[in-house]
Amino acid sequence: MVGGGLAGVRAAESLRKHGYGGALVVVGAERHLPYDRPPLTKAVLKGETDFPALDADLPALDVEVRAGERATGLRLDAGRGGTLATTAGDLAFDGLVIATGATPIRLPGEGPQHVIRTLDDSLDVRSRLVPGARVVIIGAGWIGAEVATTAAKKGCAVTVVEAAATPLANALGPELGALTAPWYAEAGVELRTGVKVASVDHGGLALADGGRIPADLVVTGVGVRPEVAWLDGSGLDVERGVLADASLRASAGGVVRNDVVAVGDCAAWWSNRYGRRLLVEHWDTALNAPETAARTLLGEEAAYDVAPYFWSEQFDRFVQYAGHHSAAERMIYRGAPEDGAWAVAWLTGDRLDAILTVDRPRDLVQAKRVIAAGTPVDPALLADPAVPVRASVKS
Ligand SMILES: Cc1cc2nc3c(=O)[nH]c(=O)nc-3n(C[C@H](O)[C@H](O)[C@H](O)COP(=O)(O)OP(=O)(O)OC[C@H]3O[C@@H](n4cnc5c(N)ncnc54)[C@H](O)[C@@H]3O)c2cc1C
């Protein structure tokens, strides 16, 4: 396993679960033992924990974890297996799981610019969230909103700068993104949309229109890129992520490798469900796809074909999303946003493609099942927040 995040650890666990008795090694660039990432902008930033441990007992599974060792290159043998080059030397393998995750995008500029991807990042930002600090967050996406929530609660003067016209415009579209804008104001956070940052300088931001925003702390949350540069020259097919088929097998020069799989934030895998490649940077995929990858490596027939799911905790709200809505024909509301708890469903005909819920976790659980099963729903019943989602299924 290259990468000691959730996907790498779950792959190791799954290989054992499915009967693999040989040596297992996790090569992880971070100096820490594997830990869980979503709490970095939640419990860790709030100060509730210093180490969000992953629920995995690797010593008991006889998995060797090499923390602080980075893979630097890969040589594939003609048939099966190859050699991983790492900062500690070469490591021969019979099977390889690529699970190197993603790296935050940084903006130009010489000034101190923080991101939150690792435990060290989170602890560093946390130490700077002191009352009165002028905190400027670039990007009103999932990460930006979560950091803003905690920074405001800690008494910082928080400004969120967003290039698009609304928060979450890329993820949810401007109509729904706009519904989250009042959450910032309620929390005492200044949201400045339509503002493009030119660079992060000492003392604050230089804006594209010539303006400046002073800051004691700048946190950039404008997205991530799959961490795949170490694969340059390996011959593996990589575009934005490692290209993988529905069984999560990687390929070299278009030829599928049965001994190399890719999972989690670094993998762009073929979804039979959606008939297109997906690159999903969410916890649920890193949790569940490795089981398919492990079975594939062990020679079983397996495909990962689950509707994506994620959640965010922002401004004291629990936001969840399941499915994929880019091709949906229409969107209907369940409940009114001004009432606090609401949901939006995307449909194609009478098929439920995706759902977004705000403080309606039960809707999410039920909708996830309906989406997975593909059973038709009655849109009128689905639009009624008093009717359980499962009761909108057509009999
Ligand atoms: C702050 C934060 C909050 C999040 N909150 C949510 C949330 O609320 N809901 C949700 O659904 N998702 C959330 N996510 C996303 C979720 O955490 C990720 O999708 C998940 O962690 C991906 O797991 P992974 O194992 O693929 O990658 P990662 O967790 O990134 O692990 C990859 C590991 O590989 C290591 N690595 C990289 N390159 C090399 C190399 N060359 N050699 C060796 N090791 C290497 C990295 O150091 C890293 O430790 C959040 C992510 C972050 C950063």
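The structure displayed is predicted, hence computed values, not measured ones.

The next thing to look at is the site of the ligand. Near the ligand there are 36 residues, and of these Glu30, Arg37, Lys42, Arg117 and Asp265 occur at the shortest range. Trp283 places a polar main-chain atom, nitrogen or oxygen, 3.2 Å from an oxygen atom of the ligand. Contact with the protein chains covers 94% of the free accessible surface of the ligand, which is 990 Å². Elements supplying a minimum of two residues to the shell around the ligand: helix H1 (6–17), strand E1 (24–28), helix H4 (142–153), helix H7 (283–297) and strand E21 (309–314). Its residues assigned to classes, the shell around the ligand comprises 17 nonpolar, 9 polar and 10 charged.

Taken as a whole, the second largest pocket holds about 400 Å³ of empty space. Around the second largest pocket, the lining is made up of 19 residues, and of these Tyr20, Ala23, Phe93, Asp94 and Gly95 lie nearest the centre. Broken down by secondary-structure element, the contributors of at least two residues to the lining of the second largest pocket are E1, strand E5 (89–93) and strand E6 (96–98). When its residues are assigned to classes, the lining of the second largest pocket shows 16 nonpolar, 1 polar and 2 charged.

Attention shifts here to the confidence of the model for the chain. Averaged over all residues, the pLDDT of the chain is 97; the fraction at 70 or higher stands at 100%. Ranking the elements of the chain by mean pLDDT puts helix H5 (residues 169–172) last with 93 and E6 first with 99.

By the definition in use, this model includes 1 cavity of 30 Å³ or more. The volume enclosed by the largest cavity comes to roughly 30 Å³. Leu168, Leu172, Leu176, Thr180, Trp183, Val319, Trp342, Leu356 and Val358 together form the lining of the largest cavity. Elements with a minimum of two residues in the lining of the largest cavity: helix H6 (174–186) and strand E25 (351–358). Top element by residues in the lining of the largest cavity is H6. It accounts for 3 residues. Of the residues contributing to the lining of the largest cavity, the split by class is 8 nonpolar, 1 polar and no charged. Composition of the lining of the largest cavity by domain shows at least three residues from each of domain 2 (106–222) and domain 3 (316–392).

All right, on to the packing of aromatic side chains then. Under the definition given, this model contains 9 aromatic pairs. Here Tyr35 and Phe51 contribute two aromatic rings whose centre-to-centre distance is 6.0 Å and whose plane-to-plane angle is 65°, an arrangement assigned as edge-to-face. Taken as a pair, Tyr35 in the loop between E1 and helix H2 (43–46) and Phe51 in the loop between H2 and strand E2 (63–67) lie far apart in primary sequence, 16 residues in all. Overall, Phe51 belongs to the partly exposed group, its relative accessible area being 34%. Consider the rings of Trp283 and Trp311, whose centres lie 5.5 Å apart with planes at 85°: the pair is edge-to-face. Residue Trp283 is located in helix H7, and its partner Trp311 is located in strand E21; the two are separated by 28 residues in the primary sequence. Aromatic ring contacts, followed pair by pair, group Trp142, Phe310, Tyr321 and Trp346 into a single cluster. Above the face of the Tyr309 ring, Lys368 is positioned so that its terminal group lies 4.2 Å from the ring centre.

In this fold, Thr100 is placed in the loop between E6 and strand E7 (102–104). A distance of 2.7 Å separates the side chain of Thr100 from the backbone oxygen of Glu227, its partner in a polar contact. Ignoring any residue separated from it by four or fewer positions in sequence, one finds Thr100 in contact with Val2, Gly3, Glu227, Trp230 and Cys266.

Turning our attention to the sheet that holds strand E23 (residues 330–334). In space, the 5 strands of this open sheet follow the order E21-E22-E25-E24-E23, with antiparallel pairing throughout. Edge strands, defined here as strands with exactly one partner in the open sheet, are E21 and E23. The mean angle between the axes of side-by-side strands here comes to 20°, regardless of whether they run parallel or antiparallel. Where strand E24 (residues 342–348) and E25 come together, 7 bridges link them in antiparallel fashion. Residue pairing for E25: Ala345 is matched across the bridge by Ile355. Its contacts with the sheet place helix H8 (residues 361–373) against E21, strand E22 (317–323), E23, E24 and E25, and it is angled at close to 160° to E25.

Cut-offs used in this document
Residues numbered from 1 in each chain as written. Predicted model: local features only at pLDDT ≥ 70, side-chain atom pairs only at ≥ 80, totals over all residues. Heavy atoms only, no water. Near = heavy atom within 4 Å. Polar contact = N/O pair within 3.5 Å; in protein donor to acceptor, adjacent residues only side chain to side chain. Areas by Shrake-Rupley, 256 points an atom, 1.4 Å probe, with all protein chains shown as cover. Helix = DSSP H or I, 4+ residues; strand = E, 2+ residues; numbered from the N terminus. Nonpolar A, V, L, I, M, F, W, Y, C, P; charged D, E, K, R; others polar. 1 Å grid on protein atoms, 1.4 Å probe; cavity = no way out; pocket = protein on both sides within 12 Å on 5 of 7 lines; lining within 4 Å. Points joined across faces, edges and corners; volume = space filled by probe spheres on them. pLDDT = per-residue confidence, 0-100. Domains from an automatic or database assignment. Phe/Tyr/Trp six-rings, centres within 6.5 Å; stacked < 30°, edge-to-face > 60°. Buried < 20%, exposed > 50% of the residue type's maximum accessible area, 1.4 Å probe, protein only. Lys NZ or Arg CZ within 6 Å of the ring centre and 35° of its normal. Contact = heavy atoms within 4.5 Å. Pairing = 2+ DSSP bridges. Axes fitted to C-alpha atoms, helices over the stretch in contact; angles between N-to-C directions.

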